[in-house]
Amino acid sequence: MPMVWLLVFRYIGICYVARTASRPLAAGDISNFQAFIFLGGQLSLALCVLLSLNYYSIVLGTASLPLVITYPLMKRITYWPQLVLGLTFNWGALLGWSAIRGSCEWSVCLPLYLAGVMWTLVYDTIYAHQDKRDDIIIGVKSTALQFKENTKQWLSGFSLAMLLSLCISGMNCNQTFPYYTAVAAVGAHLAHQIYTLDIDKPEDCWKKFASNRTVGVLLFIGIVFGNLWK
């Protein structure tokens, strides 16, 4: 459910950014009413999924709603909306575990959650650099505008925190060699991504942002083979 709301709220702002002005809602290809019908359908399906989980997970999932509701306002309030996005978007690190186990093992879930938040700060700051000129004009804030020319230093710090958190989470659930190999590969990928990033070229920012799917694939492979190794 949090993901559905986030996608909708992020979509609302595209009318004011040149890069996204041709998307269906911004271009007028679909009406607001049609968009709300689609939203209603998505939220209904998400609610059905949530209610099919155990009671602990239902409460945990519902607890994310304050973050989901306040996130769209953050770009008007703070230069750290990417942090709020990370806190919201990575709630699944907690919910996924509780859905399977019936509750959260916090020594594992919290470091994993923090790693996700740090990762979001990396890729969404890169993403925000695409639109920083439009953001200044329309008066919205972002970590891209906050960090400016110091972006790479901040991204490096977030990446280190992410890798450390992944290692702590892995140690606390007895992960094995393939997992740590994947974490090392993720570190190498992020280092190359940050080193070669040109924050003043939107096309390069998009390329680096999109390359974060490789991070997800590496981690997924590491988790699968790490568990098979046990």
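Since this is a predicted model, take the numbers as computed values, not measurements.

**Observations concerning the overall build of the protein chain**
Scanning the protein chain from N- to C-terminus turns up 15 helices and 0 strands. By residue count, 41% of the 230 residues in the protein chain fall in the buried class. Residue pairs in contact within the protein chain that sit at least 24 positions apart in sequence constitute 70% of those at least 6 positions apart. Surface exposure of the protein chain reaches about 12300 Å², of which carbon and sulfur atoms provide 70%.

**As for helix 3 (residues 32–51)**
Its 20 residues place the ends of helix 3 28 Å apart at the C-alpha level, agreeing with the 28 Å of an ideal helix rising 1.5 Å per residue. All of the buried residues in helix 3 are L39, L43, A46 and L50. The arc that holds the buried residues of helix 3, viewed along the axis, is 65 degrees, so those residues lie on one side. Away from the buried face of helix 3 by more than 90 degrees, exposed residues F33, I37, F38, L45 and C48 are located.

**Observations regarding the pattern of salt bridges**
One pass over the structure, following the stated rule, counts 2 salt bridges. D200 is the partner of K132 in a salt bridge, and the nearest nitrogen-oxygen pair spans 3.1 Å. Here K132 is found in helix 10 (residues 132–138), whereas its partner D200 is found in the loop between helix 13 (177–196) and helix 14 (202–210), with 68 residues between them in sequence. The partner of D204 in a salt bridge is K208, and the shortest N-O contact between them spans 2.6 Å.

**Some points on the packing of aromatic side chains**
Think of a pair of aromatic rings as described by two things: how far the centres are apart, and how the planes are tilted against each other in angle. Summed over the entire model, instances satisfying the criterion amount to 14 aromatic pairs. Judged by centre distance (4.5 Å) and plane angle (5 degrees), the ring pair of F147 and W154 falls under stacked. Classification of F147 by relative accessible area gives buried; the value is 2%. Ring centres of W154 and F158 lie 5.9 Å apart, and the angle between their planes is 45 degrees; on these two criteria the pair is classed as tilted. Here the residue W154 and the residue F158 both occupy positions in helix 12 (residues 151–172), the gap between them amounting to 4 residues, near one helical turn. An aromatic cluster is present here, built from W119, Y123, Y127, W206 and F209 joined pairwise through their rings. Above the plane of the ring of Y79 lies K141, whose end atom (NZ or CZ) is 5.6 Å from the centre.

**Points about the UniProt feature "transmembrane region" (unreviewed entry) in the protein chain**
As recorded in UniProt, the sites labelled "transmembrane region" (unreviewed entry) are residues 36–56, 77–100, 106–123, 154–171, 177–197 and 209–229. In residues 36–56, the share of helix is 86% and the share of strand is 0%. The end C-alpha atoms are 30 Å apart. The distance from the first to the last C-alpha atom of residues 209–229 is 31 Å, and the span holds 95% helix and 0% strand.

**Observations concerning a nonpolar patch on the surface**
On the surface, V217, F220, I221, V224, F225 and L228 cluster together into a nonpolar patch covering about 600 Å² of accessible area. Examined against the element boundaries, F225 turns out to sit in helix 15 (residues 212–229).

Conventions used here
- Residues numbered from 1 in each chain as written.
- Predicted model: local features only at pLDDT ≥ 70, side-chain atom pairs only at ≥ 80, totals over all residues.
- Heavy atoms only, no water.
- Helix = DSSP H or I, 4+ residues; strand = E, 2+ residues; numbered from the N terminus.
- Buried < 20%, exposed > 50% of the residue type's maximum accessible area, 1.4 Å probe, protein only.
- Contact = heavy atoms within 4.5 Å.
- Areas by Shrake-Rupley, 256 points an atom, 1.4 Å probe, with all protein chains shown as cover.
- Expected span 1.5 Å × (residues − 1).
- Arc of directions from axis to C-beta.
- Salt bridge = Lys/Arg side-chain N within 4 Å of Asp/Glu carboxyl O.
- Phe/Tyr/Trp six-rings, centres within 6.5 Å; stacked < 30°, edge-to-face > 60°.
- Lys NZ or Arg CZ within 6 Å of the ring centre and 35° of its normal.
- UniProt positions renumbered as here; feature names shortened; annotations may be inferred.
- Patch = residues over 30% accessible without salt bridge, like charges linked within 9 Å, V, L, I, M, F, W, Y side chains within 5 Å.

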